[in-house]
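# Observations on the three-dimensional arrangement
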Amino acid sequence: MSARNEESNIGHCLDSIISQDYPFFEILIANDRSTDKTKSIVESFIKKHSEKDMKLVNIGDNDLPPDWSPKKFALNQLIEMSSGEIILTTDADCMPPSGWAS
């Protein structure tokens, strides 16, 4: 998931992802140049749910290569660090329903 300035949504989205019924999955979040509290909210989730495989990558303004859109670059970073065979993506302002990962 790529998130930019989603402090009002990211917690709800992470709650819905954490509660998925799939047996094991990584939760990878890119903090895409946020200027609000998105980063600290995700860090709190990672600490609170240490039993989950959650990782955060922070992307700054100077990290974006020329000719890349910010969201594509953020998702590319997450795909490169993933270890799964199947990749699900969602936006930080979405709440995937129960059973979504299955």
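The following refers to the structure shown.

Cut-off values and rules
- Residues numbered from 1 in each chain as written.
- Predicted model: local features only at pLDDT ≥ 70, side-chain atom pairs only at ≥ 80, totals over all residues.
- Heavy atoms only, no water.
- Helix = DSSP H or I, 4+ residues; strand = E, 2+ residues; numbered from the N terminus.
- Rg over C-alpha atoms; globule rule 2.2 N^0.38 Å.
- Buried < 20%, exposed > 50% of the residue type's maximum accessible area, 1.4 Å probe, protein only.
- Areas by Shrake-Rupley, 256 points an atom, 1.4 Å probe, with all protein chains shown as cover.
- Pairing = 2+ DSSP bridges.
- Contact = heavy atoms within 4.5 Å.
- Axes fitted to C-alpha atoms, helices over the stretch in contact; angles between N-to-C directions.
- Salt bridge = Lys/Arg side-chain N within 4 Å of Asp/Glu carboxyl O.
- Phe/Tyr/Trp six-rings, centres within 6.5 Å; stacked < 30°, edge-to-face > 60°.
- Patch = residues over 30% accessible without salt bridge, like charges linked within 9 Å, V, L, I, M, F, W, Y side chains within 5 Å.

### As for the overall build of the chain
When its secondary structure is counted, the chain shows three helices and three strands. What you see in the chain, going N to C, is helices and strands ordered as β-α-β-α-β-α. Over its C-alpha trace the chain gives a radius of gyration of 13 Å, about what one expects of a compact globule, namely 13 Å for 102 residues. Taken over the C-alpha atoms alone, the chain extends approximately 40 × 30 × 20 Å along its principal axes. The buried share of the chain, reckoned over its 102 residues, is 32%. Carbon and sulfur atoms make up 49% of the accessible area of the chain, which amounts to about 6300 Å² in all.

### Overview of the sheet that holds strand 2 (residues 26–32)
With parallel pairing, the three strands of this open sheet are ordered in space as 1-2-3. Two strands in the sheet have a free side with no partner beyond their single neighbour: strand 1 (2–3) and strand 3 (53–59). Here seven bridges tie strand 2 to strand 3, and the two strands are oriented parallel to one another. Following the sheet pairing, glutamate 26 is matched in strand 3 by aspartate 53. The sheet strands contacting helix 2 (residues 38–48) are strand 1, strand 2 and strand 3, and the helix crosses strand 3 at an angle near 160 degrees. Taken strand by strand, helix 3 (residues 70–81) contacts strand 1, strand 2 and strand 3, and its axis lies near 150 degrees from that of strand 2.

### Remarks on the pattern of salt bridges
Once the charged atoms of two side chains with opposite charge are near each other, the side chains can pair. One pass over the full model with this rule turns up five salt bridges. Put simply, aspartate 32 and arginine 33 hold a salt bridge, and the shortest N to O gap is 2.9 Å. For the pair aspartate 32 and arginine 33, one class covers both residues: buried. Each member of the salt-bridge network shares a partner with another, and the members are Glu26, Asp53 and Lys55.

### Looking at the packing of aromatic side chains
All told, the structure shown has one aromatic pair when counted by the stated rule. Ring centres 5.8 Å apart and planes at 80 degrees place the aromatic pair tryptophan 68 and phenylalanine 73 in the edge-to-face group.

### A word on a nonpolar patch on the surface
A surface patch of nonpolar side chains, about 310 Å² in accessible area, is lined by Ile86, Leu88 and Trp100. Examined against the element boundaries, leucine 88 turns out to sit in the segment after helix 3.

### Topic: helix 1 (residues 10–18)
For helix 1, a buried count of seven out of nine residues is recorded, marking the element as mostly surrounded by other parts of the structure. Listed as buried for helix 1 are Ile10, Gly11, Cys13, Leu14, Ser16, Ile17 and Ile18. Check the buried side of helix 1 and you find it contacts strand 1, strand 2, helix 2 and strand 3.

### Quick look at the side chain of threonine 90
Relative to the assigned elements, threonine 90 resides in the segment after helix 3. Judged by relative accessible area, threonine 90 falls into the buried class, the value being 14%. The residues contacting threonine 90, other than those within four sequence positions of it, are Met1, Ser2, Cys13, Ile17, Pro96 and Trp100.

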